[in-house]
Amino acid sequence: MNEALVTPAVIHAEHLGKTYAEGSLRTPVFDGLSLTVAKGETVAILGASGAGKSTLLHLLGGLDTPTSGEVYVVGQKMSALSDAARGALRNKSLGFVYQFHHLLPEFTALENVMLPVLLNGTSVQDASQRARALLESVGLGHRLAHKPGELSGGERQRAAVARALVNRPACVLGDEPTGNLDEKTAAIVFELMLALNREHHTSLVLVTHARSLARRMDRVLELHEGKLRELRRDEV
Ligand SMILES: Nc1ncnc2c1ncn2[C@@H]1O[C@H](COP(=O)(O)OP(=O)(O)O)[C@@H](O)[C@H]1O
Ligand SMILES: [Mg+2]
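What comes next concerns the included structure.

Reading the values: rules and limits
Residues numbered from 1 in each chain as written. Chains lettered and ligands numbered in written order. Predicted model: local features only at pLDDT ≥ 70, side-chain atom pairs only at ≥ 80, totals over all residues. Heavy atoms only, no water. Near = heavy atom within 4 Å. Polar contact = N/O pair within 3.5 Å; in protein donor to acceptor, adjacent residues only side chain to side chain. Helix = DSSP H or I, 4+ residues; strand = E, 2+ residues; numbered from the N terminus. Nonpolar A, V, L, I, M, F, W, Y, C, P; charged D, E, K, R; others polar. Pairing = 2+ DSSP bridges. Axes fitted to C-alpha atoms, helices over the stretch in contact; angles between N-to-C directions. Contact = heavy atoms within 4.5 Å.

For the rest of this paragraph, the subject is the site of ligand 1. In the vicinity of ligand 1, the contacting residues are Tyr20, Glu22, Val29, Ala48, Ser49, Gly50, Ala51, Gly52, Lys53, Ser54 and Thr55. Between serine 54 and ligand 1, the recorded distance is 2.8 Å, taken from a side-chain N or O atom to an oxygen atom. Note that an oxygen atom of ligand 1 is positioned 2.5 Å from one of the side-chain N or O atoms of threonine 55. If you list the elements that add at least two residues to the shell around ligand 1, you get strand S1 (11–22) and helix H2 (53–60). For the shell around ligand 1, the element with the most residues is H2, which contributes three residues. Broken down by class, the residue content of the shell around ligand 1 amounts to four nonpolar, five polar and two charged.

The subject of this paragraph is the sheet that holds strand S8 (residues 203–207). Read from one edge to the other, the open sheet built from six strands follows the order S6-S7-S8-S3-S9-S10, with strand pairing classed as mixed. Two strands bound the open sheet, and with one partner strand each, they are strand S6 (94–97) and strand S10 (227–230). The sheet shows a mean angle of 20° between the axes of neighbouring strands, direction not considered. Taken together, the four bridges between strand S3 (residues 42–46) and strand S9 (residues 219–224) define a ladder with parallel strand orientation. Directly across from alanine 44, in S9, lies its bridge partner valine 220. Sheet contacts for helix H6 (residues 153–165): S6 and strand S7 (171–175); angle to S6, the most-contacted strand, approximately 165°. The sheet contacts of helix H7 (residues 183–200) involve S3, S7 and S8, and relative to S8 the element is tilted by about 155°.

Rendered as C-alpha cells:
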C-alpha cells in the first residue's frame, strides 16, 4: 500500500519527471525525482539558475502537471482530482510566495489577504478579521487600505506572505521569496516564515540562493543535473 496514504506527508512526490515540449523543441528538466516533506519540516532547495527549481515547485503545488510520476498533497493524489478540487486543495492546504509579489494591483492589502479566505466560503466579516490580524502581525496594520502600488517592496512582500499564510496552510512553497528584497527586509520576511513554522507547524519548502538562510532549515537539498541531493551540514 502507498505509505503516503496511510500517514500523509504534507507533500510527497514520487518519480517525478518533467519535459517541456513546444513544437519540436523538447526540454527535459528532470526525471525520477522523489521528495517527501513531513508535517512541520522545513526544506531549502538550492540550485543554479535553470536547474529546474521553479518547475519543481510548480509541480509540488499542482500549478503544473508532471510528465511522469505523482504528487500527493496532504495524502491526496493531485492527478486524481478535478481542476476545481485541485484548486480548492491548493487554496486550503498550500501557500505560495514568489520572488515577485503577485498581489492584485486594484485591491488593497487587506482585500488581497482576505481573498483566499473568502474563496474558502468564509464570511466577509471573519475573513476581514483574520486578514487584519495577520497583516498586523507582519507589521502592516497601518497599511491595510494601501494598494500594492502604494507599498514599498518589502511591504508588498510581507503582504504576499500574509496572503500565503492566511488560510493556515499545511505547507508554504516559496520561490526565492526574499530574492528581490534588501538584506534587512529579506531577514524580516524569512523570520516571519520561520515563526509560522514554529507556532503552527507549517512546513516550508523554500527555493533560495542564500545559503545563510538555507542553513536555518531542517534539510537542504540541491537540484543539479536533474537530481535532488541532500547536502550535509558542512556543505551548506
Ligand atoms: N514553459 C517552459 N517551456 C519550455 N522550457 C521551459 C519552460 N519553463 C522553464 N523551462 C526550462 O526549464 C529549465 C528549468 O527552468 P526553471 O524551473 O525555471 O529553473 P530555475 O527555477 O531553477 O531557474 C530551464 O532550462 C528553462 O529554460
Ligand atoms: Mg526559478
